[in-house]
Amino acid sequence: MKDINLDDSTIYQKMDPEGMLVRLKELPMQCQQAWQAMMSFELPANYKNVDKIIILGMGGSAIGGDLVKSLVLSEARIPVIVHRDYGLPAFVDERTLLIASSYSGNTEETLSGFEPALKTKAKKLAMTTGGKLQKMAEANNIPVFKIEYRAQPRAALGFSFIPTIGVMQKLGFIRDKSADIKETVQVLEKLSTKLDEKSPFNSNPAKQMAQRLYGCLPVIYGAGIAAEAAHRWKTQLNENGKAWAFYEVFPELNHNATVGYPLPREIASRIRVVLLRSPTFNERIKLRYEVTCELLKQAGVAYEFVDSEGKSPLSQMVSLVMVGDFTSYYLAILYKIDPSPVKVISYLKERLEKG
């Protein structure tokens, strides 16, 4: 790490040939374009006649559903369920809105659920760039929200997250989010300037965080709207940083994870806990953060906080996501690896296909 200077602009051209950094900086634009596209997208009138939403997806195509589920939990009058597995839940029926989200359109787990869904009376929607999913949907007269953005699936978050919010608004399940979207784009544009490669290390929280996480095992904590942001941190540290990472959620972690802090002792010095915070937390959750930090300190485990930005829950959630995305990117640079390729996943898919 000593020979890597994150303020040296030349290293990004050498170590990031596919332009992951550009994709990260385009998140505000993604959110704006995705929202505009969904607002002009037509949904069948009878799609309002549902009592649950099920999102089929995996990896970068599913995290958008996780974020939506967390965001609307206290507002939506119907549940949002993210199905990250093969097949189809048995409770899918004519009162279900089934959203198949696959960036490539070829995710085998998603397709294995979408195909049997064609035989049900569930309302269906596909979100994809193309592939088998688009062909299956169009052959069965199912609406397709076409993603016109090329990137790694995880780097196209705006197009898996924002359109689902738009769907729920258009169908009347949540209030109008137009103002929140506008604020979120503004918050992200300002934050991106603070986090990008041109921002010097001394005033760049993502560069500083990456340095502190270098050589450590990151464990990300979140609660409420920050819970799935913590999930996103974990997966980005895995995929961009090619590093181990875990996440935990309040208040559940206080019923198990905190008990395990003392052992093994030799691991404590290599763990760094990052606690994501939002002003939306209730007083009991704030107190849990405080007491948990006392326990971490007693166990000799390093920790620090990342606070959200913006007024709306949406902007707070996505601002936390953006800090994690940039942190994972800079960690990859410190580890001297290209953040874009996921060769292990490609190998896994090849073996599964042969199997």
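So, here is what we can say about the structure in this document.

Rules behind the numbers
- Residues numbered from 1 in each chain as written.
- Predicted model: local features only at pLDDT ≥ 70, side-chain atom pairs only at ≥ 80, totals over all residues.
- Heavy atoms only, no water.
- Phe/Tyr/Trp six-rings, centres within 6.5 Å; stacked < 30°, edge-to-face > 60°.
- Helix = DSSP H or I, 4+ residues; strand = E, 2+ residues; numbered from the N terminus.
- Buried < 20%, exposed > 50% of the residue type's maximum accessible area, 1.4 Å probe, protein only.
- Lys NZ or Arg CZ within 6 Å of the ring centre and 35° of its normal.
- Arc of directions from axis to C-beta.
- Pairing = 2+ DSSP bridges.
- Right-handed = clockwise from strand over helix to strand, strands pointing away.

## Quick notes on the packing of aromatic side chains
- In the structure shown here, the tally under the stated rule is 12 aromatic pairs.
- Measuring from centroid to centroid gives 5.6 Å for Phe41 and Phe145, while their planes differ by 80°, and the two rings are edge-to-face. One end of the pair, Phe41, is in the loop between helix H3 (27–39) and strand E1 (52–56); the other, Phe145, is in strand E5 (residues 144–146), and 104 residues separate them in sequence.
- According to the relative accessible area criterion, Phe41 is buried, its value standing at 16%.
- Clustering of aromatic rings is evident, with ring pairs tying together Tyr12, Phe326, Tyr329 and Tyr330.
- Here Arg277 stacks its cationic end above the ring of Phe305, 3.8 Å away from the centre of that ring.

## As for helix H9 (residues 205–213)
- Buried within H9 we find Ala206, Lys207, Met209, Ala210 and Leu213. The buried residues of H9 all sit within an arc of 165° when viewed along its axis, so they share a single face.
- Immediately downstream of H9, the backbone of Gly215 shows phi near 80°, a positive value.

## Brief notes about the pairing of strand E2 (residues 80–83)
- Relative to E2, E1 runs parallel, the two being bridged by 4 bridges. Its bridge partner lying in E2, Ile54 is registered against Ile81.
- Read from E1 through helix H4 (residues 63–71) to E2, the crossover connection turns out right-handed.

Limitation: the analysis is restricted to geometry and does not speak to function.
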